[in-house]
Amino acid sequence: MSSAGKLNYKVGFLSSFDPLDRKALSGVSYNFLKMFQSHFEFVEVVGPVNNRKILKGFLSRFLRKFPRRYNLDHSYLLSYLYALEFNKKLKGKEFDFIFAPRASSEIALLKTDIPIIYLSDATFDSLYGYYEWFSNFMQISIREGNKIEQLALNKAAICIFTSEWAANSAISKYRIDPLKIHRLPFGPNMDNIPTQQLSLNNKQRDVCKLLFLGVEWERKGGAVAFDTMIELKKRGIKSSLTVCGCIPPDTYHDDDLTVIPFLNKNNPEDYKVFESLLLEHHFLIVPTRAECFGVVFAEASAFGIPSLTSDTGGTAASVMNHKNGFRFSLQAKGSDYADKIQEIFSNYEQQYLPLVASTRETFLQEYDWESIARKFSGIILKHFPKE
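Presented here is a report on the structure given in the accompanying data block. (Residues numbered from 1 in each chain as written. Predicted model: local features only at pLDDT ≥ 70, side-chain atom pairs only at ≥ 80, totals over all residues. Heavy atoms only, no water.)

So, the packing of helix α13 (residues 348–367) against helix α14 (residues 369–383)
Okay, so step 1: As a packed pair, α13 and α14 sit with axes 6 Å apart at the nearest point and diverge in direction by 35°. Judged by residue contacts, L364, Q365, E366 and Y367 of α13 engage W369, S371, I372 and K375 from α14.
Okay, so step 2: Residues of the contact of α13 with α14, tallied by class, amount to four nonpolar, two polar and two charged. (Axes fitted to C-alpha atoms, helices over the stretch in contact; angles between N-to-C directions. Helix = DSSP H or I, 4+ residues; strand = E, 2+ residues; numbered from the N terminus. Contact = heavy atoms within 4.5 Å. Nonpolar A, V, L, I, M, F, W, Y, C, P; charged D, E, K, R; others polar.)

If you want it as structure tokens, here you go:
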């Protein structure tokens, strides 16, 4: 430990994207870079590179002719071009380790003796066929994608996943040693975390305010969220739904439905609106059809907002039953969500407020970047001890 309280390690932060762009990769690279800079003595960004955009621009028109898709992001060609770039950038560097977030293609063909820590919220195998946009690839693309993932996982000295769902895929599909696998969640993509007092502020309780945050109405389960509000109103519970991030189809309309198509958290005015939404609403409801983790659940937890979502993919790592919300089966309907909301909200003092306090405490223990930094530092000291 240095005199400044930082760990005395030299870290190479490897990314093909610009980690200073908080919009890229849901802000994962941006926030991890901030964490490293706050807790490690020396951090150098290795990247970004432009090969990805060049390659996709050059081949996209050609590949449209094929009946099935070819996934460039997990291809030998892209991985080879990444290796050329990063081998040059790493030449002569003496890092204690390289941190590579969401970078399987970037490290798969890399030639270096520096230990690599690979971070991801999914594997190629767990993604394929799970997301609609990550389906129907050419057979050669599937083979390349799995091979790139295998090479990256084998090359990494440590593999960090956000959930058991992703970690289990690495173990079962790619035969990775469980001893080199660790689990850490993503924290919120926010610069300003509310104080304890602000997050536990007693909200108005005359209307049950539901918040839907998501850029994809269908995949995020917008229809179920809307049906939940309608069901609550049928039961005599005054309710509203705010949709932020997308525009529902025209068939969804109600006097208690508010739509905010887009907010840019980099814009101070938009961020104030985003913050006010989290402060004013009682539940985050995102009945997602597919999710690797869900940074939005960590953000809701920071504000003491319980989350209601589907039990799918990696959501068990971001929404823990009875702690910071509840997970429902993919077959659950709006009436099922309404049952749980009615049970909790109708017992405001005995059930809702304790759940709010538990949600905030779960954030501090699991999703706060300081908590993540402490756990990450423990992993580093265990695997790369210094005298």
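Continuing now.
With respect to the sheet that holds strand β5 (residues 158–161)
Okay, so step 1: Judged by pairing direction, the sheet is parallel, and its six strands sit side by side in the order β2-β1-β3-β4-β5-β6 without closing on themselves. Across the chains shown, the open sheet's two edge strands, defined by having one partner strand only, are β2 (40–46) and β6 (181–183). When the angles between neighbouring strand axes are averaged without regard to direction, this sheet yields 25°.
Okay, so step 2: As paired strands, strand β3 (residues 97–101) and strand β4 (residues 116–120) are joined by four bridges and run parallel to one another. Note that in β4 the partner of P101 across the bridge is L119.
Okay, so step 3: Across the sheet, helix α3 (residues 76–90) is in contact with β1 (7–14), β2 and β3; its angle to β2 comes to roughly 140°. (Pairing = 2+ DSSP bridges.)

Remarks on the sheet that holds strand β10 (residues 283–286)
Note on sheets: strands pair through backbone hydrogen bonds, and any given pair is parallel or antiparallel.
Okay, so step 1: In spatial order, the strands read β9-β8-β7-β10-β11-β12; together these six strands make up an open sheet with parallel pairing. The open sheet has two edge strands with one neighbour each: β9 (257–260) and β12 (325–328). In this sheet, neighbouring strand axes are inclined to one another by 20° on average, regardless of whether the strands run parallel or antiparallel.
Okay, so step 2: Note that strand β7 (residues 208–213) and strand β8 (residues 239–244) share six bridges and pair parallel. The residue of β8 that forms the bridge with L210 is L241.
Okay, so step 3: Contacts from helix α9 (residues 222–234) reach β7, β8, β9 and β10, with the element oriented near 165° to β8.

Overview of the nonpolar core
Okay, so step 1: In this structure, F32, F36, F97, F99 and F376 are the most contacted members of the largest nonpolar core, which totals 51 residues.
Okay, so step 2: Within the second largest apolar cluster, 38 residues are counted, among which are L14, A166, A170 and Y174. (Core = buried A, V, L, I, M, F, W, Y, C linked by side-chain atoms within 4.5 Å. Buried < 20%, exposed > 50% of the residue type's maximum accessible area, 1.4 Å probe, protein only.)

Digging into the packing of aromatic side chains
The way to describe two aromatic rings as a pair is by their centre distance and the angle between their planes.
Okay, so step 1: Taken as a whole, this structure holds 37 aromatic pairs when the rule is applied.
Okay, so step 2: A centroid spacing of 6.3 Å and a plane angle of 80° characterise the contact between F32 and F186, whose relative ring orientation is edge-to-face. Here the residue F32 occupies a position in helix α1 (residues 28–39), and F186 occupies one in the loop between β6 and α8 (196–199), the gap between them amounting to 154 residues. Each of the two residues, F32 as well as F186, counts as buried. (Phe/Tyr/Trp six-rings, centres within 6.5 Å; stacked < 30°, edge-to-face > 60°.)

Details of α1
At 3.6 residues per turn, the α-helix brings residues three or four places apart onto the same side.
Okay, so step 1: When the terminal C-alpha atoms of α1 are compared, their 17 Å separation across twelve residues agrees well with the 16 Å that a helix rising 1.5 Å per residue should span.
Okay, so step 2: Counting buried positions along α1 yields nine of twelve residues, so the element is predominantly enclosed.
Okay, so step 3: Turning to α1, its buried residues are V28, S29, Y30, N31, F32, L33, M35, F36 and H39.
Okay, so step 4: Tucked into the core, α1 has its buried residues touching β1, β2, β3, β4 and α14. (Expected span 1.5 Å × (residues − 1).)

Remarks on unusual backbone geometry
Okay, so step 1: Across the junction of G47 and P48, the peptide omega takes the value -5°, indicating a cis bond.
Okay, so step 2: Of note, P48 is situated in the loop between β2 and α2 (51–63).
Okay, so step 3: Positive phi values are uncommon outside glycine, yet R102 reaches one of about 45°.
Okay, so step 4: Within the secondary structure, R102 sits in the loop between β3 and α4 (104–107).

Things to note about the environment of L213
Okay, so step 1: Considering the arrangement of structural elements, one finds L213 in strand β7.
Okay, so step 2: In the structure, L213 is positioned 32 residues away from G245 in sequence and 6.0 Å away in space, judged by C-alpha atoms.
Okay, so step 3: Each residue touching L213, except ones within four places of it in the same chain, is listed here: C244, F274, L278, L284, V286 and V296.

Some thoughts on helix α11 (residues 295–302)
Okay, so step 1: Of all the eight residues making up α11, eight are buried; the element is thus mostly covered by neighbouring parts of the structure.
Okay, so step 2: On its buried side, α11 packs onto α8, β7, α10 (268–280), β10, β11 (307–310) and α13.

Some words on the pattern of salt bridges
Okay, so step 1: Per the stated rule, a full pass over the model turns up 16 salt bridges.
Okay, so step 2: Across the pair K386 and D96 runs a salt bridge whose closest N-O atoms are separated by 3.1 Å. Taken together, the residues span a long stretch of sequence, with K386 in the segment after α14 and D96 in the loop between α3 and β3 at a distance of 290 residues.
Okay, so step 3: Here R205 makes a salt bridge to E349, at a shortest N to O gap of 2.9 Å. Of the two residues, R205 is situated in the loop between α8 and β7 and E349 in helix α13; the sequence distance between them amounts to 144 residues.
Okay, so step 4: The exposure class of R205 is partly exposed, given its relative accessible area of 39%.
Okay, so step 5: Among the ionic contacts, a cluster of salt bridges with common partners joins E216, R219, K220 and E291. (Salt bridge = Lys/Arg side-chain N within 4 Å of Asp/Glu carboxyl O.)

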